[in-house]
Amino acid sequence: MDSCAVMRGSKTGFEKRVRDGMAPHLVDIDGDTCHHAHNASKKFSEPFERVLERFFTDLFNDVRWSVDLKEALREICLLINVTFRMPHRFVNHRWLSAYDSTMSTLCLWDALTVSYYAFLPKSNKTLYLSYVVEIYRRKSVSQESRSRIREILTSLSGKNLTADGRNRKQRIIERLIIKQKETLLHLHFYETVLPMLKKYVLVLEMKEPLIHTLHDNMMELVRDFLCCFVRPELLSKATTGKKLMDLIEMIDNGSAVLPGSEMFFGAKASAVVNVGLKKKDSTVQRFLTAASKAYSECGKYLLKKLPLNSTALKYFSTIDPVCRGHSASLASMLKITDCVLPNVRDANEKDKYETDLRRFHSDSSLPLYKPKEDRVDVWWWQVFQTGKYPTLQKIISAILSCFHGPQVEGHLM
């Protein structure tokens, strides 16, 4: 079920109406875990005061509303061998929009730096000229191209700007050039960490049923995220959802958290951090403080919000065809109708369900399942077509109908 307030906990809400009118056996396990992952990314950005998100918005609006700047940026991209694209529009409610904006900004970084150099005050141009020269050298920009870029920058610097445009460009210059090291540290950190959350959302956004892998996907996400900053001797012992959730208090008081210098930041950010620590750089010190808090707040949010200890999801994972033929899977599937879906089968069908289940687990005539090629619902449909397991079919159909991602919104509006 969706996490929105109109859907849950309301006497006239969607959940109540469906349960009363059509599906008395409705199972409400938790809110949409994709929303949880997206909201976790917001928790991750809060310690950085969302400066990157405001930077993304300023960049998009500045290029969007200035045709001259857009065309200048396009030509500069061509001259320094960068693929032109519009800066990505950051939208707060769009799935992991911060990650998409990060990657777009990094791809355009050199072209943006050269372009906005035109708007620096004359007193600062000599100070930051080395940034442009370094880009020329790294990109092997010819003298002819440099001359053309100089003409473009002269034209841009002579533009008459509105008060809003001038203020917006000052904010962009501060992030892009004046505080470049700090901005790149943040961008590379986002580039390294946010793909974990993005990957989870993309997997669960698929239209095919993945309820049988949901618990494994959540556990993988949480463990992958926690290993970036949690002491490995503690994480290695947290082998279940409940044990992982027990880490919340230890993360909160800091006893489970690695020192800032030992956390995972990615190769590019780590290179800057290591040099900065030797020089006792204040920018790096501030970054480490914010990054440690970002990891902790995001990790605690994931542990609190994701249903890692859900009995239903653990049992549902056993409908994966790869689990067939194992006694542990048989035992879990036997418990589904008693513990999770007691209303799906009739009271007099308990023996029929158990008989179907035991025959299913030992049936050697069923089609071969290829995990990376076959859809689980299509495979089960092939099983149903045999007509051998009518009671089991009712249970499996109910489980496969569980929504596990945001696709449901588009179908119910």
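These figures come from a predicted structure and were not determined experimentally. (Residues numbered from 1 in each chain as written. Predicted model: local features only at pLDDT ≥ 70, side-chain atom pairs only at ≥ 80, totals over all residues. Heavy atoms only, no water.)

This next bit is on the pattern of salt bridges. Oppositely charged side chains can pair when the atoms bearing their charge come close. Under the definition given, this model contains 23 salt bridges. A salt bridge links D100 to K198; the nearest nitrogen and oxygen atoms lie 3.0 Å apart. With D100 in helix α5 (residues 97–116) and K198 in helix α9 (residues 180–204), this residue pair connects regions lying 98 residues apart in the sequence. Relative accessible area serves as the criterion here: at 15%, K198 is assigned to the buried category. With a shortest N-O distance of 3.1 Å, E182 and R175 are connected by a salt bridge. With respect to class, E182 is no different from R175; both count as buried. Linked by salt bridges that have partners in common, D110, E134, R137 and R138 make up one network. (Salt bridge = Lys/Arg side-chain N within 4 Å of Asp/Glu carboxyl O. Helix = DSSP H or I, 4+ residues; strand = E, 2+ residues; numbered from the N terminus. Buried < 20%, exposed > 50% of the residue type's maximum accessible area, 1.4 Å probe, protein only.)

For the structure on display, the rule yields two cavities of 30 Å³ or more. When its volume is computed, the largest cavity comes out at roughly 100 Å³. What lines the largest cavity is a set of 15 residues, and nearest its centre among them are S41, K42, E53, F90 and A98. A total of four residues in the lining of the largest cavity trace back to one element, the largest contributor, which is helix α2 (residues 33–45). Residue composition of the lining of the largest cavity, by class: six nonpolar, five polar and four charged. (1 Å grid on protein atoms, 1.4 Å probe; cavity = no way out; pocket = protein on both sides within 12 Å on 5 of 7 lines; lining within 4 Å. Points joined across faces, edges and corners; volume = space filled by probe spheres on them. Nonpolar A, V, L, I, M, F, W, Y, C, P; charged D, E, K, R; others polar.)

The next thing to look at is the packing of helix α3 (residues 51–64) against α9. Two numbers describe how α3 lies on α9: the axes approach to 11 Å, and their chain directions differ by 100°. Here α3 is positioned roughly perpendicular relative to α9, judged by the angle of their axes. Of the residues in α9, those in contact with V51, L52, E53, F55 and F56 of α3 are T183, H186, L187 and Y190. Residues of the contact of α3 with α9, tallied by class, amount to six nonpolar, two polar and one charged. (Axes fitted to C-alpha atoms, helices over the stretch in contact; angles between N-to-C directions. Parallel < 35°, antiparallel > 145°, perpendicular 65-115°, else oblique. Contact = heavy atoms within 4.5 Å.)

Further remarks concern the packing of aromatic side chains. Taken as a whole, this structure holds 24 aromatic pairs when the rule is applied. Seen in terms of ring centroids, F44 and F48 are 6.4 Å apart; in terms of plane orientation they differ by 55°. Their pairing is tilted. When its relative accessible area of 5% is taken as the criterion, F48 is described as buried. Among the aromatic residues, those joined into a ring-pair cluster are F44, F48, F189, Y190, F225, F229, F265, F287 and Y295. Between K169 and the ring centre of F119, over which it is positioned, the NZ or CZ distance is 5.1 Å. (Phe/Tyr/Trp six-rings, centres within 6.5 Å; stacked < 30°, edge-to-face > 60°. Lys NZ or Arg CZ within 6 Å of the ring centre and 35° of its normal.)

Let us now look at the packing of α5 against helix α6 (residues 122–139). Axis separation between α5 and α6 bottoms out at 10 Å; the angle between their running directions is 140°. For the element pair α5 / α6, the angle class is oblique. Our pair here, α5 against α6, has a crossing hand that is left-handed. Along the contact surface, α5 presents D110, T113 and V114, while α6 presents Y131, V132, I135, Y136, R138 and K139. A class-by-class count of the residues in the contact of α5 with α6 yields five nonpolar, one polar and three charged. (Left-handed = near helix turned anticlockwise from the far one by under 90°.)

Attention shifts here to the layout of surface pockets. Its volume calculated, the second largest pocket comes out at about 310 Å³. For the lining of the second largest pocket, the secondary structure elements donating two or more residues are α6, α7 (143–157) and α8 (163–178). No other element matches α8, which puts five residues into the lining of the second largest pocket. When the residues that make up the lining of the second largest pocket are grouped by side-chain class, the tally is eight nonpolar, three polar and five charged.

With that out of the way, let us pick up the state of the cysteines. For the structure on display, the rule yields zero disulfides. Summary of cysteine pairing: C77 is not part of a disulfide, and the nearest cysteine sulfur, belonging to C107, is at 10 Å. Looking at C77, the relative accessible area reads 0%, which means it is buried. Counting only cysteine sulfurs, C227 is the nearest neighbor of C228, a cysteine outside any disulfide, at a range of 4.6 Å. (Disulfide = S-S within 2.5 Å.)

Moving on, we come to the confidence of the model for the protein. With 91% of its residues at a pLDDT of at least 70, the protein reaches an overall mean of 90. Scored below 50 in pLDDT, residues 408–413 makes four contacts in the model with residues more than four places away or belonging to other chains. (pLDDT = per-residue confidence, 0-100.)

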